[in-house]
Every structure is written in C-alpha cells, then in structure tokens.
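Notes for the structure review
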Amino acid sequence: MQTTDQPTTPTLGDLFPAELKESANAGISQADLDAREARRRAAGEALLRDQRKRDNRTRWELCCPPALQRTDWEHPDLAGSRSQIDRVLGYQLGARGIVASGPTGKGKSRALWELMRRLALEGYDVRFYAASDWFSQLQDFLRYGRDDARGWVETVARRHIVFLDDYGQQAMQRSREDWAQAWFFHFLEVRVGAGLPLFMTTNLRSAEMAERNGGVRGDPLVRRLLDVANPISFWK
C-alpha cells in the first residue's frame, strides 16, 4: 500500500542549525527556543485579536443606527417581547444563527444589533448590513449587462458572521429582482456549505418571503435560510 508523505513544519533547528548549535553551546536548548517561538506567536495572535476587536467596534458603531446603539431593556414597550429578546441576547455561537421576524417596534433589530456588538467585541470576523445596502452593493456589480457579482457575493458569504437587518425592505428594479434573488440564494448556499451562521431581521412571515421570491420558487430560499438560521418569532 502506498503512503503519502505528509508535510511537516520545520523546527528552528531545521531552519537555523548553526545558530542552534551556537545556542546549545551557550546553554539554550532547542526546547527553550521552541517555547520562545510559541510565546512569540501567541503574543502576535493576541495583538491581531485585539486589533480585530477595535476594528469590529468601529464597524459596529458605523453600521448600527444611532437610535439602536443604546437600549433600556426594561422599557414597557419591550415587555411583550421579553422572552424573544432574552433568546437573542443569550445566543451562543454555532452553525445556525437567528432569523427574527415580526412587526416594527417589537425590539427584534435592537436585540440583534446588541448581539452583534457582543460577537464583534469577542473578536469574530463580522460584517453588518442593512438589507437594502447589501442588495444595493450587489446591483453595483451588474455593469453594462456584465455580471461581476460572484466574487463579492462569495467573499461576503464566507465571513464568519453576517447580519442583514430589515430583509424585505430593499428596493429593486423589477428587471433585476430575479437576478438579485438568484445571487442571494447562492449566498445562502455558500454559507450552508461552509457551515456558517446567518443573522437576519425581517417584517415578513415565511409565506410572504416565499411569495416575494416567486411563490413555489421561493420555497427553497426559505428552506435554505432555515439551514443557516433558527427562527425567532416576534409576532406573538
């Protein structure tokens, strides 16, 4: 039976044999050098995480509507959605995110933006969009009849965490609706294949989403959405 040699990570001794010999003569072992290298790498990774957290904070502050950046969770207007809000705020990251649906004013966007703030400050790779902005950026890649959307769609789709706020409110040229929804379906399929969660708010019920996306043709889109997000209803 043939075997395939697996590549191995070179040690400091492989890379710098003369220096290692000199260090050994000075009383520094390879194990000491490897430990130093591990500490150096750990420190570098910590710096990168801290930088990502700072970038994420700035991104969140720029993307989150100012009116939603501070919330009194005990406000009487939110009392009817207390259990749904608690489920959102208590979310633990997994393969499925959250699709929160319900009427305006129930706190679904407030809760999701607060969750996004927490995940951003934990240092995850995050991107936030108003759904209208996501579809507007998508349309920018249709130039003079040339469709250049694939690279952008797949790059965004492979981000660890993506949040689309207010899906269903995006304005589309009628002639581009089918084209845009086909790319949104592809976006969902990439995330399903990669096992990545999606976070979304919408004023639409699942039946309305299917109808807006072509009735029977829209049903697969709703099913794909539920492959990457658990539903939380704010309709109650």
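Residues numbered from 1 in each chain as written. Predicted model: local features only at pLDDT ≥ 70, side-chain atom pairs only at ≥ 80, totals over all residues. Heavy atoms only, no water.

**Re the state of the cysteines**
A full pass over the atoms with the stated rule returns zero disulfides. For the unlinked cysteine cysteine 63, the closest cysteine sulfur is that of cysteine 64, found at 8.8 Å. (Disulfide = S-S within 2.5 Å.)

**What to know about the packing of helix 7 (residues 149-157) against helix 8 (residues 177-194)**
Taken N-terminus to C-terminus, the directions of helix 7 and helix 8 make an angle of 40 degrees; their axes are 9 Å apart at the nearest point. When the axis of helix 7 is compared with that of helix 8, the two are oblique. Seen from above, helix 7 lies across helix 8 with right-handed handedness. Counted together, Ala149, Arg150, Val153, Glu154, Val156 and Ala157 of helix 7 and Trp179, Trp183, His186, Phe187, Val190 and Arg191 of helix 8 form the full contact between these two elements. Its residues assigned to classes, the contact of helix 7 with helix 8 comprises eight nonpolar, one polar and three charged. (Axes fitted to C-alpha atoms, helices over the stretch in contact; angles between N-to-C directions. Helix = DSSP H or I, 4+ residues; strand = E, 2+ residues; numbered from the N terminus. Parallel < 35°, antiparallel > 145°, perpendicular 65-115°, else oblique. Left-handed = near helix turned anticlockwise from the far one by under 90°. Contact = heavy atoms within 4.5 Å. Nonpolar A, V, L, I, M, F, W, Y, C, P; charged D, E, K, R; others polar.)

**Notes on the confidence of the model for the chain**
Mean pLDDT over the chain: 84, with 82% of residues reaching 70 or higher. Counting interchain partners and residues more than four positions distant, the pLDDT-below-50 stretch residues 1-5 has zero contacts. (pLDDT = per-residue confidence, 0-100.)

**Details of the sheet that holds strand 7 (residues 229-233)**
Sheets are built from strands paired through backbone hydrogen bonds, the pairs being either parallel or antiparallel. Taking strand neighbours across the sheet as the criterion, the five strands line up as 2-5-6-1-7 in an open arrangement whose pairing is parallel. Looking along the sheet, the strands with just one partner apiece sit at the ends: strand 2 (126-130) and strand 7. Sheet twist, expressed as the average angle between the axes of neighbouring strands with direction ignored, equals 15 degrees. Looking at chain direction, strand 2 and strand 5 (residues 161-167) are connected through five bridges and run parallel. Each residue of the ladder has a partner; that of alanine 130, found in strand 5, is aspartate 165. The strands touched by helix 5 (residues 108-121) within the sheet are strand 1 (97-101), strand 2, strand 5 and strand 6 (198-202), with strand 6 carrying the most contacts at an inclination of about 160 degrees. (Pairing = 2+ DSSP bridges.)

**Observations regarding the packing of helix 3 (residues 30-63) against helix 5**
Axis separation between helix 3 and helix 5 bottoms out at 8 Å; the angle between their running directions is 160 degrees. Here helix 3 is positioned roughly antiparallel relative to helix 5, judged by the angle of their axes. Considering only the axes of helix 3 and helix 5, their crossing is right-handed. The residues of helix 5 that touch helix 3, namely those facing Lys53, Asn56, Arg57, Trp60 and Cys63, are Trp113, Met116, Arg117, Ala120 and Leu121. Looking at the contact of helix 3 with helix 5 residue by residue, the class counts come to six nonpolar, one polar and three charged.

**Remarks on the environment of arginine 52**
Mapped onto the elements, arginine 52 comes out in helix 3. Each C-alpha atom, one on arginine 52 and one on leucine 121, is 8.5 Å from the other, the two residues being 69 residues apart in sequence. In contact with arginine 52, not counting residues within four places along its chain, are Gly123, Tyr124 and Asp125.

**Overview of the pattern of salt bridges**
Throughout the structure, instances matching the rule amount to 12 salt bridges. Between arginine 224 and glutamate 189 there is a salt bridge; the shortest N-O distance is 3.3 Å. Residue arginine 224 is located in helix 10 (residues 218-228), and its partner glutamate 189 is located in helix 8; the two are separated by 35 residues in the primary sequence. Take glutamate 189: its relative accessible area is 33%, and that puts it in the partly exposed class. Through salt bridges with shared partners, a single ionic network connects Glu37, Arg40 and Arg41. (Salt bridge = Lys/Arg side-chain N within 4 Å of Asp/Glu carboxyl O. Buried < 20%, exposed > 50% of the residue type's maximum accessible area, 1.4 Å probe, protein only.)

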